[in-house]
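# Breakdown of the fold
One letter stands for each residue in the lines below.
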Amino acid sequence: MASPTDLRTEDALPVLRRVFGYDAFRGFQREVIDHVVGGGDALVLMPTGGGKSLCYQIPALVRDGVAVVVSPLIALMQDQVDALTAVGVRAGFLNSTQTLDARRRVEAAFLAGELDLLYLAPEALGGRSTLALLDRGRIGLFAIDEAHCVSQWGHDFRPDYLALSMLHERWPEVPRIALTATATSATRTEIATRLKLDDARHFVASFDRPNIQYRIVPKREPRKQLLALLRDEHPGDAGIVYCLSRASVDKTAEFLTANGIAALPYHAGLDAATRATNQQRFLREDGLVMVATIAFGMGIDKPDVRFVAHLDLPKSVEGYYQETGRAGRDGLPSTAWLAYGLQDVVQQRKMIETSDGDLAHRRNLAAHLDAMLALCETVRCRRVQLLEYFGESATAACGNCDTCLTPPESWDGTVAAQKLLSAVFRLDRERNQRFGAGHCIDILLGKQTDKISQHGHDSLTVFGIGTELSEAEWRGVVRQLLAEGLLAVEGDYGTLALTDASADVLGRRRTVTMRREPEKPASSRSAKPRGSATVVADLDPAAASIFERLRAWRATTAKEQGVPAYVIFHDATLRQIAGDAPGSLAELSKVSGVGENKLAKYGEQILAVLTEDAPA
Ligand code: ADP
Ligand code: ZN
């Protein structure tokens, strides 16, 4: 392997090929790298999986001195360092989790100039000893990862990030690169201001994730629907299932386990050790399902998460996009699946109504929820709507979301809306009573329930006027009226109430277009399995069986070394090896993801797996 001195004189492209084993830069990686290597500051916005890491890792190798990487994710630093070590890059970290001994070794390596990258938690930079250490070494670059953590209005604010503006004053000649996957322009401006990146060049990528298939389905029996998704489309795949509450995380994890799917829970109610173990296992083992609250996920850079499923409605499009973005970082086909129903709308509206904070805060929450609901109810391409939300004008419908694959019909729901709103109106005005959606629907359907006879609701003029729709269809009507703000929910029992806008519908001044769910949702039509099955779908059976053998070899090797499987090789690399069946080390070195170091370390083993007789 080349000595570090050689690296410094190298151009970026040979480093990409030799160290990381990739053929070409992606998007504007090359521009960012040239700019930073040349000493310029940069602010980089790329979606998850866009390839941000190389934007600072390659300058770290090309520039003189050590690159200091500031990251809030101390639990993941070991994995990041392991992944770099695996390709022969000299990396270390300093944080509160390590022993004094380990710390001393890293400090010594830093001072001796024997590190290419040093990972630090932001709080370390507040301490005098770390600053003194940095003063004594030679720094070539500062990289500020997860830079949106400096934003006080964002969901991941870390006070320690505010102090990072001092980097510029203390080391004016060292270039800085800040990176984030948070898309909104408000956040971007805030990052630039707070980090004093006044002269930084901004690199803003498209936030499209073309390999992720977005699907939002009506919620019926959510756990069963989830199970069907996992069995039909993602057998043996790693994925994340998000639930709103800790209780439903536990129940869902138990349910999946009972049905033969390896699943682990993760939420803030579990003790720290259990959380750490479950996270470790998810990262290290193949094909585990993590059932979690949104407490899980930041910085999880496992590349082969094949699906992200939401069993409850996310509170905002930002949150939804961030969570679903954890699928498919390796660029292979992945699924973002959300089950959504009337109860979600009722529950979230109620949560906002009863939340602490002033009116402005509640309005803000409501605006975020409305945008999320609009995404759920749209009859347009989901991807176009998502990208527009983030300020990108997407062009054509994507062909890889549920509304593109199985277009829902829209229908004129004005009359249905009027019937439902009249029922709410009659109960309220004539009887001074309020009821939940279920009871109102029973009235429209003319059901003789105990509750109806007890209250004498069969004498209302709206009793039985809605038999043209089924109960499920009526629930869809209520849901869409709630989503559009034409109906409101109130109080602890989620009772229905009219809004100012309801009057326009009742007074025939406004029509209501509704979404009719397709008879068969996208999944059953595109019944071909995705995920790991897709990873091998375009391989012939012989190559597919080689892929499985390579995967088994990788699992054993990763276990021996105590690193995640993807640190050895990504799925995409194994797939290419299985397909190309290289016969020599020289041929193997051409596969994307096989760099110099991994070739030397695993090349012979891979060739042996390829030639070994397939089990009968
Ligand atoms: P981000 O940090 O932006 O979420 P990563 O840096 O983790 O993304 O990169 C996502 C994936 O893409 C990783 O698996 C990485 O190895 C791969 N990757 C990045 N750049 C390239 C490239 N130029 N060619 C091939 N693969 C790449
Ligand atoms: Zn689409």
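Quick caveat, the model's predicted, so the values are computed rather than measured.

Quick look at the overall build of the chain now. Scanning the chain from terminus to terminus reveals 29 helices and 17 strands. In terms of its C-alpha atoms, the chain occupies a principal-axis envelope of roughly 90 × 65 × 45 Å. For the chain, with 616 residues in total, the buried portion stands at 54%. Restricting the contact set of the chain to residue pairs at least 6 apart, pairs at least 24 apart contribute 73%. Just so you have it, the chain exposes about 26,100 Å², and 51% of that area is on carbon and sulfur atoms. Here the chain contributes 71 positively and 78 negatively charged side chains, and the mean placements of these two sets differ by 2 Å.

Take the packing of aromatic side chains next. On inspection of all chains with the given rule, the structure shows 11 aromatic pairs. Ring geometry for Phe28 and Phe203: centres 5.7 Å apart, planes at 50°, overall tilted. Within this pair, whereas Phe28 is found in the loop between helix H2 (12-20) and helix H3 (29-37), its partner Phe203 is found in strand E7 (residues 201-204), the two being separated by 175 residues in sequence. Between the aromatic rings of Phe142 and Trp171, the centroid separation amounts to 5.2 Å while the plane-to-plane angle is 55°, which identifies the pairing as tilted. You can see Phe142 sitting in strand E5 (residues 139-144) and its partner Trp171 sitting in the loop between helix H8 (166-170) and strand E6 (176-180), a full 29 residues away along the chain. Taken individually, Phe142 and Trp171 each receive the classification buried, so the pair is uniform in this respect. Three or more aromatic residues joined by ring pairs form one cluster here, namely Tyr214, Tyr320, Tyr321, Tyr389 and Phe390. We note Lys302 situated over the ring of Phe282; from NZ or CZ to the ring centre the distance is 5.5 Å.

Below, the discussion takes up the packing of H2 against helix H4 (residues 52-62). Two elements in contact, H2 and H4, have axes whose closest approach is 10 Å; the angle formed by their N-to-C orientations is 105°. Between H2 and H4, the interaxial angle falls into the category roughly perpendicular. Contact residues: Ala12, Val15, Leu16, Val19 and Phe20 in H2; Leu54, Gln57, Ile58, Leu61 and Val62 in H4. When grouped by side-chain class, the residues that make up the contact of H2 with H4 number 9 nonpolar, 1 polar and no charged.

On to the UniProt feature "domain: Helicase C-terminal" (unreviewed entry) in the chain, then. With numbering aligned to this structure, UniProt lists the feature "domain: Helicase C-terminal" (unreviewed entry) at residues 222-373. Helix and strand shares over residues 222-373 are 48% and 17% respectively, and the end C-alpha atoms of the span are 18 Å apart.

On to unusual backbone geometry, then. Residue Lys196 is not a glycine yet carries a positive backbone phi of 55°. The residue Arg508 is not glycine, and still its phi comes out positive at about 60°. Note on placement: Arg508 falls in the loop between helix H22 (502-506) and strand E17 (513-516). Judged by its relative accessible area of 70%, Arg508 falls in the exposed class.

Bringing the sheet that holds strand E4 (residues 117-120) into the picture now. Strand order in the open sheet made by the 7 strands is E3-E4-E2-E5-E6-E1-E7, with parallel pairing throughout. What marks the edges here is a single partner per strand, and that holds for strand E3 (91-94) and E7. Strand-to-strand twist in this sheet, taken as the mean axis angle between neighbours without regard to direction, amounts to 20°. Judged from the 4 bridges that link them, strand E1 (residues 42-45) and E7 form a sheet pairing that is parallel.

This part takes up the layout of surface pockets. Roughly 1,400 Å³ of internal volume is contained in the second largest pocket. Lining of the second largest pocket is provided by 49 residues; of these, Tyr22, Ser53, Asp301, Pro303 and His570 occupy positions nearest its centre. Among the elements of the structure, H2, H4, helix H5 (74-86), helix H26 (565-568) and helix H27 (571-580) are those that each provide at least two residues to the lining of the second largest pocket. By residue number, the principal contributor to the lining of the second largest pocket is H4, which donates 5 residues. Its residues assigned to classes, the lining of the second largest pocket shows 19 nonpolar, 19 polar and 11 charged.

Taken together, 15 residues lie near ligand 1, and Tyr22, Gly49, Ser53, Arg329 and His570 sit nearest. Within the contact set of ligand 1, an oxygen atom lies 3.1 Å away from a side-chain nitrogen or oxygen of Arg26. About the coverage of ligand 1: the protein hides 86% of its 560 Å² of free accessible area. Among the detected pockets, ligand 1 sits in the second largest pocket. Of the residues contributing to the shell around ligand 1, the split by class is 5 nonpolar, 7 polar and 3 charged.

If you check helix H14 (residues 342-353), its first and last C-alpha atoms are 17 Å apart, about what 12 residues at 1.5 Å a residue would give, namely 16 Å. The complete set of buried residues in H14 reads Leu342, Asp344, Val345, Val346, Gln348, Arg349 and Ile352. In this structure, the buried residues of H14 make contact with strand E13 (334-340), helix H15 (359-377), helix H19 (437-445), helix H21 (471-483) and strand E15 (487-490).

Turning next to the domain arrangement of the chain. Here the chain is described as being made up of domain 1 (4-204), domain 2 (212-408), domain 3 (410-516) and domain 4 (538-611). Centre-to-centre, using C-alpha coordinates, domain 1 lies 29 Å away from domain 2. On the domain 2 side, the residues contacting the 17 residues of domain 1 number 12 residues. Between domain 1 and domain 2, the buried area comes to about 1,200 Å², and carbon and sulfur atoms account for 55% of it. When residues of domain 1 are sorted by the area they lose upon contact with domain 2, Thr48, Leu76 and Asp79 head the list and together hold 37% of the total. The closest approach of N and O atoms between Arg284 and Asp79, which form a salt bridge, is 3.3 Å.

Basis of the calculations
- Residues numbered from 1 in each chain as written.
- Chains lettered and ligands numbered in written order.
- Predicted model: local features only at pLDDT ≥ 70, side-chain atom pairs only at ≥ 80, totals over all residues.
- Heavy atoms only, no water.
- Helix = DSSP H or I, 4+ residues; strand = E, 2+ residues; numbered from the N terminus.
- Buried < 20%, exposed > 50% of the residue type's maximum accessible area, 1.4 Å probe, protein only.
- Contact = heavy atoms within 4.5 Å.
- Areas by Shrake-Rupley, 256 points an atom, 1.4 Å probe, with all protein chains shown as cover.
- Lys, Arg positive; Asp, Glu negative; His and termini not counted.
- Charge placed at Lys NZ, Arg CZ, Asp CG, Glu CD.
- Phe/Tyr/Trp six-rings, centres within 6.5 Å; stacked < 30°, edge-to-face > 60°.
- Lys NZ or Arg CZ within 6 Å of the ring centre and 35° of its normal.
- Axes fitted to C-alpha atoms, helices over the stretch in contact; angles between N-to-C directions.
- Parallel < 35°, antiparallel > 145°, perpendicular 65-115°, else oblique.
- Nonpolar A, V, L, I, M, F, W, Y, C, P; charged D, E, K, R; others polar.
- UniProt positions renumbered as here; feature names shortened; annotations may be inferred.
- Pairing = 2+ DSSP bridges.
- 1 Å grid on protein atoms, 1.4 Å probe; cavity = no way out; pocket = protein on both sides within 12 Å on 5 of 7 lines; lining within 4 Å.
- Points joined across faces, edges and corners; volume = space filled by probe spheres on them.
- Near = heavy atom within 4 Å.
- Polar contact = N/O pair within 3.5 Å; in protein donor to acceptor, adjacent residues only side chain to side chain.
- Sits in = over half its atoms within 2 Å of the grid points.
- Expected span 1.5 Å × (residues − 1).
- Domains from an automatic or database assignment.
- Buried area = accessible area lost by both parts, 1.4 Å probe.
- Salt bridge = Lys/Arg side-chain N within 4 Å of Asp/Glu carboxyl O.

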